[in-house]
Amino acid sequence: MSRSSFEIHVTAPFDFQQCLQFLRRSNDEVMHVARETSVSKLFDVDGRLLLGDIMETSHGLVIVFPKDDITSAEQAQVERYVRDWFDLDQDVAAFVRMVETDELLRPLVREYEGLRLIGFPDLFEALTWAVIGQQITLSFAYTLKRRFVEQYGPSREVDGVTYWAFPNPETIALLDPSELRPLQFSTRKAEYIIGIAQEMTDGRLSKQQLRSEPPDMMHERLLSLRGVGEWTAAYVRMKCFQDPTAFPAADAGLHQALKHHLGRGDKLTADEVRLYGERFSGWEAYATFYLWRSLYGDV
DNA sequence: GGCCAGGCTAGCA
DNA sequence: TGCTAGCATGGC
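In this report, the structure presented in the accompanying data block is examined. (Residues numbered from 1 in each chain as written. Chains lettered and ligands numbered in written order. Predicted model: local features only at pLDDT ≥ 70, side-chain atom pairs only at ≥ 80, totals over all residues.)

## Things to note about the protein's contact with DNA strand C
Now for step 1: All residues adjacent to DNA strand C are Gln 135, Ile 136, Thr 137, Ser 139, Phe 140, Gln 184, Ser 186, Thr 187 and Arg 188.
Now for step 2: For the surface near DNA strand C, the secondary-structure elements that each account for two or more residues are α6 (138–152) and α8 (187–201).
Now for step 3: Class assignment for the residues of the surface near DNA strand C results in 2 nonpolar, 6 polar and 1 charged. (Near = placed C-beta within 6 Å. Helix = DSSP H or I, 4+ residues; strand = E, 2+ residues; numbered from the N terminus. Nonpolar A, V, L, I, M, F, W, Y, C, P; charged D, E, K, R; others polar.)

The following block contains the structure:
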């Protein structure tokens, strides 16, 4: 049996507008088109490119496929993706309760109430985006990602708009680092990304394998990848595996946000940041995400 | 023009 | 173990 839409039930606290605002934060984003009341995304379901429009309903979300009928198996895959993308299976109410007594986070959780930790359910996309973002400004990182996706990603045009899906590891595994240099990737970044694509294509690395490991083993496996250090491993656990305890303690943006909200002139030491991690124990990833969110202002 | 960006690796002591 | 140069480029 096929259909062209389905609904997802969502439990509070959830604010789709807050999520849309976050999704609209960059003009160079190519992986979705976020509008006033909906976000459109091209889902690559085992090679079939399905354009879905995600909107709010009274009980949660509805995903409409304006040009396609989808099978129940495809629906299951898209639902899994959207649940991970918006972190819908997380008990965020527990996070809100925890910060009720926290002077630093309480104002942020009130301001962005219902914002979920928006992630990258696709492992290759999460790793690639993390590597791209290393040691460069976010705006330049978006530029690099856009060039990468528009060069190597599948796309589909619907009603005059081109929608992009993330490049497959199979495509990237065949590249030579020199082919990414014209896009202004450093040779190092190119090597890391192609190496990760090759491990995935060889079957040595997959989301399913990683998910089956206990958290510390997953972390070690991520660290074993060339180009992945502590920051990237924590970032991927946070954004791809919805691990609420993941904590990129050395992150520059996290330090900047803490410094700003604490009114500090000097920069925080590593030990101080570690203490904040302990203060938010169990919800380090959400604390980090809300602090990051506060850096963007009124996006 | 110097310094920092949502860091990491390799090489050295 | 712990420290550092080098990576590439944009933006303030």
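That shown, we press on.
## What to know about the pairing of strand β9 (residues 161–164)
Now for step 1: As defined by bridge partners, strand β8 (residues 155–158) adjoins β9 across 4 bridges and the pair is classed as antiparallel. Looking across to β9, one finds that Ser 155 is bridged to Trp 164.
Now for step 2: Hairpin connection of β8 to β9: 2 residues between the antiparallel strands, including Asp 159 at a positive phi of 50°. (Pairing = 2+ DSSP bridges.)

## Digging into α8
Now for step 1: With 15 residues, α8 ought to run about 21 Å at 1.5 Å a step, and its terminal C-alpha atoms sit 21 Å apart, in line with that.
Now for step 2: Against α5 (123–133) and α7 (169–173) lie the buried residues of α8. (Expected span 1.5 Å × (residues − 1). Contact = placed C-beta atoms within 7 Å.)

## Observations concerning unusual backbone geometry
Now for step 1: Cis geometry marks the peptide bond from Ala 12 to Pro 13; its omega dihedral reads -5°.
Now for step 2: Positionally, Pro 13 belongs in the loop between β2 (5–9) and α1 (16–23).
Now for step 3: A positive phi angle, close to 50°, is found at Asp 46, a residue other than glycine.
Now for step 4: Checked against the element boundaries, Asp 46 lands in the loop between β4 (38–45) and β5 (48–56).
Now for step 5: On the basis of neighbour count, Asp 46 is assigned to the exposed category, with 7 C-beta atoms found within 10 Å.
Now for step 6: In the Ramachandran plot, Gln 242 falls in the positive-phi region, its phi being about 50° despite a non-glycine side chain.
Now for step 7: We classify Gln 242 as buried; it has 21 C-beta atoms within 10 Å. (Buried ≥ 20, exposed ≤ 12 C-beta atoms within 10 Å, placed from the backbone.)

## Observations concerning the packing of α5 against α8
Two numbers describe a pair of packed helices, the interaxial angle and the distance between the axes.
Now for step 1: Look at α5 against α8: their axes get within 10 Å of each other, and the N-to-C directions meet at 165°. Taken together, the axis directions place α5 and α8 in an arrangement best described as roughly antiparallel. Viewed along their axes, α5 and α8 form a crossing whose handedness is right-handed. On α8, the residues touching Phe 124, Leu 127, Thr 128, Val 131 and Ile 132 of α5 are Lys 189, Tyr 192, Ile 193, Ile 196, Ala 197 and Met 200.
Now for step 2: For the contact of α5 with α8, the per-class residue count stands at 9 nonpolar, 1 polar and 1 charged. (Axes fitted to C-alpha atoms, helices over the stretch in contact; angles between N-to-C directions. Parallel < 35°, antiparallel > 145°, perpendicular 65-115°, else oblique. Left-handed = near helix turned anticlockwise from the far one by under 90°.)

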